[in-house]
Amino acid sequence: MPLLDVRQLSVSYHQAGTALQAVDGVTFSVEPGEVLALVGESGSGKSSIALALTRLLPMPPAVVSGEVRFDGRELLTAPEEALRAIRGGRIAYVFQDPDTSLNPVLAIGEQLIEAIRLHDEAEARPAEAAVRWLSRVGIASAAERLRAYPHEFSGGMQQRVMLAMALAGRPALLIADEPTTALDVTVQLQILRLLRDLQRSLQLAILLISHDLTVVERIAHRVGVLSAGRLVELGPVQDVLSRPAHPYTRQLLRYRSMVRLRRPEAGHG
Amino acid sequence: MRGNKLAWAGAVVLGLLAFAAIAAPWLAPHDPLQSSLPDALLGPSAGHPLGTDQLGRDVLSRLLYGARISLVIGFIAVGIAMVAGIAVGACAGFFGGWVDAVLMRFVDTMLSIPTIFLLLTIIAMVGPSIYLIMTVIGLTSWMGVARLVRAEILTLKEREFVLAARVMGASPTRLILRHLLPNAMGPVLVSATLGVGGAILTESVLSYLGLGVQPPTPSWGNILNEGRVALGVAWWLTVSPGLCILVTVLAFNLLGEGIRERFRS
C-alpha cells in the first residue's frame, strides 16, 4: 500500500468572481521510503499541491477537491485536530527560504524543542534530543548553538535547523518544497547530500518539489512533470530524463542543457 | 543620537520617580495626612521644602505619596488596556472574516464615545474609588492597542515562519501566543509607554474634577484641585503637582518615542 495516495487532486483559487485553476486532476502516489520529485516551472501548481495535501491552503480563496490518502486515512475531510497531529508528526515540511521560516525572536533551541514537544511526548529530555538532532544535521558544537538566534546562522545552517525541526517529529513523509533553491550552489550540494543520507538512514519518504532537474536527478527515484496544473509525465527518473515522452519535459531538459552550457560546473560534482 | 539621549533622560526621570514613590515613607519629611492649622499655607522653607497647604499638610510629602497613586493607576490602567487590546486585536487579525468585522466595529463604536464623559458618567453612578478609576481608564483606552496589534498580526501571519509553525502542527492559540505576539511586541511596548503617561493625565483630570482619588488620600490631581482655590496666595500648591504631572508625562513620552526609534532602526 502506498504511504501517500493522491487521486484527482484539484486546487483552484476563487477571487472576485474569477477562478484560477492551479492544479487540475493530479494523481500520484509515494511509497514508504521513496523519493518522488515533482518538477515544473513557476506557477505550474507544485507548491499548491504541497500545501493542499495537509489542507494548509487558506480556504477560501482556495478550493481543493479530490482524494488524499495518507496511511490509508483520508486527509481532505479529516477534522482539523487530527490534521494538526499529522502535520509535523507524520508529514513534515521544509520550505525554500530558511531565513524567513524561522521565528526571528526565538532561539534555535527553543524552536527545535517546541517541535520535539509537539510530537514526541515520550521524549523526557527534549533539550538533549534537540542537541542530538542538531548534530545529526551536521551542526558543530550543537549544545552551544541552542541559544543562538536565527540571524546568527548562515542560510545553509538555517536550512539544517529546519531539517532538524522537520525530522524531530519522526515523520514518515517529508514534503520538501524547493529546499535548496535559496542557497549557494556549494551549500545546495551539502544540503542535498544531507537530505539523501537522512532519507536512507531514516527510511524517509520524500515528496520533493523542485524546478531544478539536477537536484531531482541526484536524489529522486521517480519524477512527475507538472505543466499548467496537470501532471503530464510520471515515471522513474532515469526513464523520464533520458527518454522524455512529453514535449514539455523535452523543453525543460533543453533549457537545462542551455543553462549547463553557461554554467558547466553546476551540473557535476 | 539626540533622540536616544532624550529617551535616556526620560528613563532616568522615571527611575528616580519610581524610587521616590517606593521610598516615600522614608523620604517624606512629614506625614502626608497630618494637618496642622497653625502651619497652613506656609511658603517653601527648610522644614517644608515645597510649603504647606490650607490644612498645614506638607506638600512635598503629599506629592511623594501622590506619586505612588499616580504611578500605580497609570501602570494598572495600561495593563488592563494592554490585555484587552492585545486579546481583541490578536483575535481580529488572526481569525479575520466575521470575527474581525465584529470586533473592529466594536472598536469603532468604543472610539466614537467621548471617553471623558463616559468616565464621568460611570464614576458619578458608581462612586469614585481607585480601583474603579483604574478599570475604567483601562477599559476606555484599549482600542488603539487593538488596532495596532491587529495590523501587526495581519502582516506577521503572512510570514513564512508562521506557515512553518503551522506545518509543525501548532494550534491557533500556540501560533498567536508564541509566534505572532512576541513579534508584535515592539509597537505594543511603545504604545504602552505612551499610554501610562496618558492614564496618569486622565487620573489627574478626574481627581481635579473631584471624581478621582478622594481626599484626604493625596494624588497629583487632587493636590492640584485643592491648590486651585488658594492660587492667588500660595502658588506652590498648584505649580508643584502641575510640574510633577508635566515632567512624568513628558518622561513617558520621551521614553516611548525613544523605544519607537530603536525598533524602527
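Residues numbered from 1 in each chain as written. Chains lettered and ligands numbered in written order. Predicted model: local features only at pLDDT ≥ 70, side-chain atom pairs only at ≥ 80, totals over all residues.

J.: So what about the overall build of chain A? Which residues, and what values?
T.: Of regular secondary structure, chain A possesses eleven helices and ten strands. A globule of 269 residues ought to have a C-alpha radius of gyration of about 18 Å, and chain A, at 19 Å, matches this closely. Its C-alpha atoms give chain A principal-axis dimensions of about 50 × 50 × 40 Å. When each of the 269 residues of chain A is scored for burial, the buried share is 43%. (Helix = DSSP H or I, 4+ residues; strand = E, 2+ residues; numbered from the N terminus. Rg over C-alpha atoms; globule rule 2.2 N^0.38 Å. Buried ≥ 20, exposed ≤ 12 C-beta atoms within 10 Å, placed from the backbone.)

J.: Could you give me a rundown of the overall build of chain B, with the residues and numbers involved?
T.: Counting its regular elements, chain B contains eleven helices and zero strands. Order of helices (α) and strands (β) in chain B, N terminus to C terminus: α-α-α-α-α-α-α-α-α-α-α. Once the C-alpha set of chain B is aligned to its principal axes, its extents read approximately 75 × 45 × 25 Å. Put simply, chain B has 265 residues, and 45% of those count as buried. Sequence separation of at least 24 residues holds for 70% of the intrachain contacts in chain B that already meet a minimum separation of 6. (Contact = placed C-beta atoms within 7 Å.)

J.: Summarise the sheet that holds strand β6 (residues 91-94) of chain A; cite the residues concerned and give the values.
T.: Strand pairs in the sheet, formed through backbone hydrogen bonds, run parallel or antiparallel to each other. All names here are of chain A. Read from one edge to the other, the open sheet built from six strands follows the order β6-β7-β8-β3-β9-β10, with strand pairing classed as mixed. With partners counted over all chains shown, the strands left at the sheet margins are β6 and β10 (230-236), one partner each. On average, each strand axis in the sheet is tilted by 15° relative to the strand beside it, whichever way the strands run. Where helix α1 (residues 46-53) meets the sheet, its contacts fall on β3 (35-39), β7 (173-177), β8 (205-210) and β9 (222-227), and the angle it forms with β7 comes to roughly 150°. (Pairing = 2+ DSSP bridges. Axes fitted to C-alpha atoms, helices over the stretch in contact; angles between N-to-C directions.)

J.: Break down the pairing of strand β1 (residues 4-15) of chain A for me, with residues and values.
T.: Residues and elements named next belong to chain A. Taken together, the nine bridges between β1 and strand β2 (residues 18-30) define a ladder with antiparallel strand orientation. Among the inter-strand pairings, L4 is bridged to a residue of β2, identified as V30. Hairpin connection from β1 to β2: two residues lie between these consecutive antiparallel strands, with A16 at a positive phi of about 50°. Note: β1 against strand β4 (residues 62-70), eight bridges, orientation antiparallel. Along β4, the bridge assignment pairs S10 with S65.

J.: Lay out the confidence of the model for chain B with the relevant residues and their values.
T.: Residue and element names in this part refer to chain B. In the predicted model, chain B carries a mean pLDDT of 89, and 98% of its residues have values of at least 70. Within chain B, helix α8 (residues 160-167) has the poorest average pLDDT of any element, 85, and helix α4 (residues 97-111) the best, 94. For this predicted complex, the interface score ipTM comes out at 0.72, while the overall pTM is 0.76. (pLDDT = per-residue confidence, 0-100.)

J.: Any chance you could break down the nonpolar core for me, citing the residues and the numbers?
T.: The biggest cluster of nonpolar side chains holds 151 residues, and the ones touching the most others in it are L112, L173 and L208 of chain A together with L180 of chain B. Per-element tally for this core: the top contributor is helix α3 (residues 59-95) of chain B, with 20 residues. Beyond its immediate sequence surroundings of up to four residues, L208 of chain A is in contact with V35, A37, A176, V216, I219 and A220 of chain A. (Core = buried A, V, L, I, M, F, W, Y, C linked by C-beta atoms within 7 Å.)

J.: Summarise the sheet that holds β1 of chain A; cite the residues concerned and give the values.
T.: Residues and elements named next belong to chain A. Strand order in this open sheet of four strands is β2-β1-β4-β5, and the pairing throughout is antiparallel. In the strand order of this sheet, the two ends are held by β2 and β5 (73-74), each with one partner. Where β4 and β5 come together, two bridges link them in antiparallel fashion. By the bridge assignment, F70 is partnered in β5 with R73. Strands in contact with α1 are β1, β2 and β4; relative to β2, the strand with the most contacts, it is inclined by about 70°.

J.: Describe α3 of chain B, and please don't skip the residues or the numbers.
T.: Residues and elements named next belong to chain B. Under the 1.5 Å per step criterion, the end-to-end length of α3 is 53 Å for 37 residues, consistent within 8% with the ideal 54 Å. Extensive coverage of α3 is indicated by the burial of 28 of its 37 residues. Looking one or two residues beyond α3, the residue adopting positive phi is G96, at roughly 60°. (Expected span 1.5 Å × (residues − 1).)

J.: Go over the environment of A24 of chain B, please, and point to the residues and values.
T.: Residue and element names in this part refer to chain B. Position of A24 relative to the elements: it lies in helix α2 (residues 24-27). Residues A24 and A67, 43 residues apart in the sequence, show an inter-C-alpha distance of 8.6 Å. Leaving out residues up to four positions away in the same chain, A24 has contacts with L64, Y65, A67 and R68.

J.: Can you explain the interface of chain A and chain B? Please cite residues and give values.
T.: Counting from both sides, the interface comprises 19 residues of chain A and, opposite them, 14 residues of chain B. Where the side of chain A that touches chain B is concerned, the elements lending two or more residues are α2 (80-86), α3 (98-101) and α4 (108-119) of chain A. Sorting elements by how many residues they give to the side of chain A that touches chain B places α4 of chain A first, with three residues. Counted by class, the side of chain A that touches chain B contains ten nonpolar, six polar and three charged residues. (Nonpolar A, V, L, I, M, F, W, Y, C, P; charged D, E, K, R; others polar.)

J.: Tell me about the pairing of β3 of chain A, residues and numbers included.
T.: Residue and element names in this part refer to chain A. Burial of β3 is extensive: five of the five residues sit out of reach of the surface. Residues V35, A37 and V39 of β3 are buried on one face, and the alternating residues L36 and L38, pointing to the opposite face, are buried as well. Here β3 pairs with β8 via five bridges, running parallel. Paired with A37 across the strands is L208, a residue of β8. Note: β3 against β9, four bridges, orientation parallel.

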